[in-house]
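Spelled out from the first residue to the last, the chains are:
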Amino acid sequence: MRIVVKVGTSTLAHGTGMLNVRRVERLTRVISDLKNAGHEIILVSSGAIGMGAGKLNLSGRPSDIPTKQAAAAVGQCELMYIYDKLFGEYHHNVAQMLLTADDFADGLRHDNLSNTLARLLQLGALPIINENDTVATAELGIGDNDTLSALVAVSSGADLLVILSDIDGLYTSDPHTDSSAELIREVNNADDVAGFAGGTVSGLGTGGMATKIAAAKLVNGHGMDMIICSGADPDLLYDICEGKPVGTRFRGA
Ligand code: GLU
């Protein structure tokens, strides 16, 4: 399978903004193993701004655009350094692609990014994609990596988009505050669950359920399934590849 895996800041980092070493080590080990088993993986990783903020000792996620962009510039290096180091231990080559909304909107640029992705996969490399936050901000660009991962999944002709989240799927209401909240296992039409989006955003990340449901709508419209599951347990990616039910699956039309 060709799978786009999206991982958010809240999965990669502790609340302090510093790296969740155990989590990232497990994630890189599982992805390396799935590549060894013959799957093609594209990783869409957030974490640049959060890790930059941690590295620069800023208190929390910056709010002004120049500080966000500066934090992203620092954090993106750190992120790729860690991925290169950890995937390197399993002899996998990582490849950084930093993209903006214009790259998907402009025909020639879109062709170029699709060709690069395809060639990287042929060469056995692991593309690691983030928005180019130094020139595109949430205010001006794609804005969140749920949407970016959906665009990448469509452009790369993936079989599946997996969004690793700080929650184990889509619930009928917020399980943190409502004990009767139920996990929804399957969604056949993303429009039907728009009312369950809530508005949860954790400390360092962006997005929330609404952007994930919008991402599902986009990929489902191209006949592709999307799964939301917990990033706390990267081993779930094995279950997904074995076709076991995990998290919430949004079925492609
Ligand atoms: N591109 C942002 C970053 O790397 C994250 C966007 C998101 O969290 O969706 O920090």
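What counts and what doesn't
- Residues numbered from 1 in each chain as written.
- Predicted model: local features only at pLDDT ≥ 70, side-chain atom pairs only at ≥ 80, totals over all residues.
- Heavy atoms only, no water.
- Core = buried A, V, L, I, M, F, W, Y, C linked by side-chain atoms within 4.5 Å.
- Buried < 20%, exposed > 50% of the residue type's maximum accessible area, 1.4 Å probe, protein only.
- Helix = DSSP H or I, 4+ residues; strand = E, 2+ residues; numbered from the N terminus.
- Contact = heavy atoms within 4.5 Å.
- Polar contact = N/O pair within 3.5 Å; in protein donor to acceptor, adjacent residues only side chain to side chain.
- pLDDT = per-residue confidence, 0-100.
- Pairing = 2+ DSSP bridges.
- Expected span 1.5 Å × (residues − 1).
- Arc of directions from axis to C-beta.

## Thoughts on the nonpolar core
Consideration 1: One finds Val4, Ile129, Val152, Leu161, Leu170, Met226 and Phe250 to be the most contacted residues of the largest nonpolar core, which totals 39 residues.
Consideration 2: At the level of secondary structure, the elements contributing two or more residues to this core comprise β2 (40-45), β3 (94-99), α6 (107-122), α7 (145-155), β5 (160-165), β6 (170-171), α8 (209-220) and β9 (225-230).
Consideration 3: Setting aside its immediate chain neighbours within four residues, Phe250 contacts Leu170, Val187, Ala190, Val193, Ile213, Ala216, Asn220, Met224, Asp225, Met226 and Ile228.
Consideration 4: Counting residues in hydrophobic clusters, the runner-up holds 30 residues, among them Leu12, Leu34, Ile128 and Cys229.

## Digging into the environment of Asp159
Consideration 1: Locating Asp159 in the fold gives a position in the loop between α7 and β5.
Consideration 2: C-alpha separation for the pair Asp159 and Leu113, spaced 46 residues apart in sequence, amounts to 18 Å.
Consideration 3: Beyond its immediate stretch of four places on either side in the chain, Asp159 contacts Met1, Arg2, Met224 and Asp225.
Consideration 4: For Asp159, the side chain forms a polar contact with the main-chain nitrogen of Arg2, separated by 2.6 Å.

## Focus: the confidence of the model for the protein chain
Consideration 1: Across the protein chain, the average pLDDT comes to 92, with 95% of residues at 70 or higher.
Consideration 2: Counting contacts from residues 199-206, a segment whose pLDDT is below 50, to residues more than four positions away or on other chains yields 21 contacts.

## Digging into the sheet that holds strand β10 (residues 248-250)
Consideration 1: With mixed pairing, the eight strands of this open sheet are ordered in space as β3-β4-β2-β1-β5-β9-β10-β8. Because the sheet does not close on itself, it has two edges, and the strands there are β3 and β8 (186-187).
Consideration 2: Note that β5 and β9 share six bridges and pair parallel. Looking at β9, one finds that Leu161 is bridged to Met226.

## A few points about the pairing of β5
Within a regular strand, side chains alternate between the sheet's two faces.
Consideration 1: Buried residues dominate β5, accounting for six of its six residues.
Consideration 2: The alternating pattern of β5 places Leu160, Val162 and Leu164 on one face and Leu161, Ile163 and Ser165 on the opposite face, and all of these are buried.
Consideration 3: Pairing geometry for strand β1 (residues 2-7) and β5, over five bridges, is parallel. The residue of β5 that forms the bridge with Ile3 is Leu160.

## Focus on unusual backbone geometry
Consideration 1: At Asn57, a position not held by glycine, the phi torsion is positive, near 60°.
Consideration 2: For Asn57, a relative accessible area of 70% corresponds to the exposed category.
Consideration 3: One non-glycine residue with positive phi stands out, namely His91, at about 65°.
Consideration 4: The residue His91 is located in the loop between α4 (65-89) and β3 in this model.

## Some words on the side chain of Ser32
Consideration 1: Relative to the elements of secondary structure, Ser32 occurs in helix α2 (residues 21-36).
Consideration 2: A polar atom in the side chain of Ser32 sits 2.7 Å from the backbone oxygen of Thr28.
Consideration 3: Setting aside residues no more than four positions away along its own chain, Ser32 makes contact with Phe87, Tyr90 and His92.

## Observations regarding the environment of Asp106
Consideration 1: Looking at the element boundaries, Asp106 is found in the loop between α5 (101-105) and α6.
Consideration 2: In this structure the C-alpha to C-alpha distance between Asp106 and Leu236, which are 130 residues apart in sequence, comes to 36 Å.
Consideration 3: In terms of polar contacts, Asp106 uses its side chain to reach the backbone amide nitrogen of Leu108, at 3.1 Å.

## Digging into the side chain of Asn145
Consideration 1: Of note, Asn145 is situated in helix α7.
Consideration 2: A distance of 3.0 Å separates a polar atom in the side chain of Asn145 from a polar atom in the side chain of Asn130.
Consideration 3: Beyond its immediate sequence surroundings of up to four residues, Asn145 is in contact with Lys6, Val44, Ser45, Ser46, Asn130 and Glu131.

## Let's talk about α6
Consideration 1: Taking 1.5 Å as the rise per residue, α6 with 16 residues should run 22 Å; its terminal C-alpha atoms sit 22 Å apart, in good agreement.
Consideration 2: Among the residues of α6, those classed as buried are Leu113, Ser114, Leu117, Leu120 and Leu121. Mapping the buried residues of α6 onto a view down its axis gives an arc of 130°, with all of them on the same face. Exposed residues pointing more than 90 degrees away from the buried face of α6 are listed as Leu108, Asn115 and Gln122.
Consideration 3: Against the buried residues of α6 lie β1, β2, β3, α5, β4 (126-131) and α7.
Consideration 4: Taking the backbone nitrogen of Leu108 as reference, a side-chain oxygen 3.1 Å away marks Asp106 as the first, capping residue of α6.
Consideration 5: Looking one or two residues beyond α6, the residue adopting positive phi is Gly124, at roughly 80°.

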